[in-house]
Amino acid sequence: MLVVEDEERFAAGLRDGLEAEGFAVDVALDGVDGLWLAREHAYDAIVLDIMLPRLNGYRVCRELRGAGDWTPILMLTAKEGEWDEIEGLDTGADDYLTKPVSYGVLLARLRALLRRDAHQRPAVLTAGDLRLDPATRTVSRAGRDIEVTARELAVLEFLLRRAGEAVAKRTILDQVWGDDFEGDPNIVEVYVRRLRNKVDRPFGRRSLVTVRGHGYRLVRDDPGDR
């Protein structure tokens, strides 16, 4: 396990706690050293702070993913805000926690990451000629690239992973926005409409289907006559 964290006492506490759980732990106090260690050693997971000296966590994550290193990364930051989380995930992080963190929650998140086969490049998700690459965060259809926002991509990725299933609006909201979201639940409809305008209508398709009284389904075979 690699911990990249510039707050020495916090880093030491993480190291001691993780070692007590049976992990071998290396600590780096800045981004340059963290990137070097990550390139030199095969770690099971990386705990990566964002606000680091010399090289920030976004850059470290982007460099690793660009080099084809898919070691699970859990990002930590003292910053709060949706856009910080989105930027962290967009650079290739697998999960994100805001400080102050509960050690129990951090450990549970790490265990969840370790249960995934995250050392391999994520598989491209497809439905007919619609493709979403989770590694590069890109979407295309019929060979044409489609520009989507981070939230649009998250909604589409969730529906692609459940392709063929009728998914309730509440489920989409909980999984993409989080179960503590307190805004208007109709935001799901807004994003589905935006996606239809980007991945369906320009191509004469109807792959994002409304399931009346329930939610939405992304059809697998994507026939043009639906």
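Up top you'll find the structure we're talking about.
These numbers come from a predicted model, not from an experiment.

Enquirer: Give me the lowdown on the overall build of the protein, citing residues and values where you can.
Expert: Along the protein, the regular secondary structure elements total 8 helices and 12 strands. Taken across its 226 residues, the protein has 45% of its residues classed as buried. A separation of at least 24 residues holds for 54% of the contacts in the protein among residues at least 6 apart in sequence.

Enquirer: Describe the sheet that holds strand β11 (residues 208-211), with residues and values.
Expert: Taken in spatial order, the 3 strands of this open sheet run β10-β12-β11, and their pairing is antiparallel. Since the sheet does not close on itself, it has two edges, and those belong to β10 (167-168) and β11, each with one partner. Relative to strand β12 (residues 215-218), β10 runs antiparallel, the two being bridged by 2 bridges. Looking at the pairing, Ala-168 lines up with Gly-215 of β12. Packed on one face of the sheet, helix α6 (residues 150-161) meets β10, β11 and β12 and runs near 70° to β12. In this fold helix α8 (residues 187-200) packs onto β11 and β12, with an angle of close to 145° to the strand it touches most, β11.

Enquirer: Would you mind going over the pattern of salt bridges in detail, with residue names and values included?
Expert: One pass over the full model with this rule turns up 18 salt bridges. Between Lys-99 and Glu-5 there is a salt bridge, with its nearest N and O atoms 2.8 Å apart. One end of the pair, Lys-99, is in the loop between β5 (95-98) and α5 (103-115); the other, Glu-5, is in the loop between β1 (2-4) and α1 (8-20), and 94 residues separate them in sequence. Lys-99 is the salt-bridge partner of Glu-7, the closest N and O atoms lying 3.4 Å from each other. On the criterion of sequence distance, the pair formed by Glu-7 in the loop between β1 and α1 and Lys-99 in the loop between β5 and α5 is long-range, its members being 92 residues apart. For Glu-7, a relative accessible area of 42% puts it in the partly exposed group.

Enquirer: Account for unusual backbone geometry, naming residues and giving values.
Expert: In this structure, the amide linkage connecting Lys-99 to the following residue, Pro-100, adopts the cis form with an omega of -5°. The topology assignment puts Pro-100 in the loop between β5 and α5. For Arg-54, which is not glycine, the phi dihedral falls at a positive 70°. Looking at the element boundaries, Arg-54 is found in the loop between β3 (46-49) and α3 (57-66).

Enquirer: Which residues make up the sheet that holds β3, and what values go with them?
Expert: Strand order in the open sheet formed by 5 strands is β2-β1-β3-β4-β5, with parallel pairing between adjacent strands. Strands with a single pairing partner mark the edges of an open sheet, and in this sheet they are β2 (26-28) and β5. Recorded for the sheet is a direction-independent mean angle of 15° between the axes of neighbouring strands. Of the strands in this sheet, β3 and β4 (73-77) are in contact with α3, which crosses β4 at around 165°.

Enquirer: Before we move on, could you go through the packing of α1 against α5 and cite the residues and values that matter?
Expert: Running from amino to carboxyl end, α1 crosses α5 at an angle of 60°, the nearest separation of the two axes being 12 Å. In this view, α1 runs oblique relative to α5, as classed from their interaxial angle. Considering how the two elements wind past one another, α1 and α5 form a crossing that is right-handed. From α1, Leu-14, Gly-17 and Leu-18 reach across to α5, where they touch Tyr-103, Leu-106, Leu-107 and Leu-110. The residue inventory of the contact of α1 with α5, partitioned by class, reads 6 nonpolar, 1 polar and no charged.

About the criteria used
Residues numbered from 1 in each chain as written. Predicted model: local features only at pLDDT ≥ 70, side-chain atom pairs only at ≥ 80, totals over all residues. Heavy atoms only, no water. Helix = DSSP H or I, 4+ residues; strand = E, 2+ residues; numbered from the N terminus. Buried < 20%, exposed > 50% of the residue type's maximum accessible area, 1.4 Å probe, protein only. Contact = heavy atoms within 4.5 Å. Pairing = 2+ DSSP bridges. Axes fitted to C-alpha atoms, helices over the stretch in contact; angles between N-to-C directions. Salt bridge = Lys/Arg side-chain N within 4 Å of Asp/Glu carboxyl O. Parallel < 35°, antiparallel > 145°, perpendicular 65-115°, else oblique. Left-handed = near helix turned anticlockwise from the far one by under 90°. Nonpolar A, V, L, I, M, F, W, Y, C, P; charged D, E, K, R; others polar.

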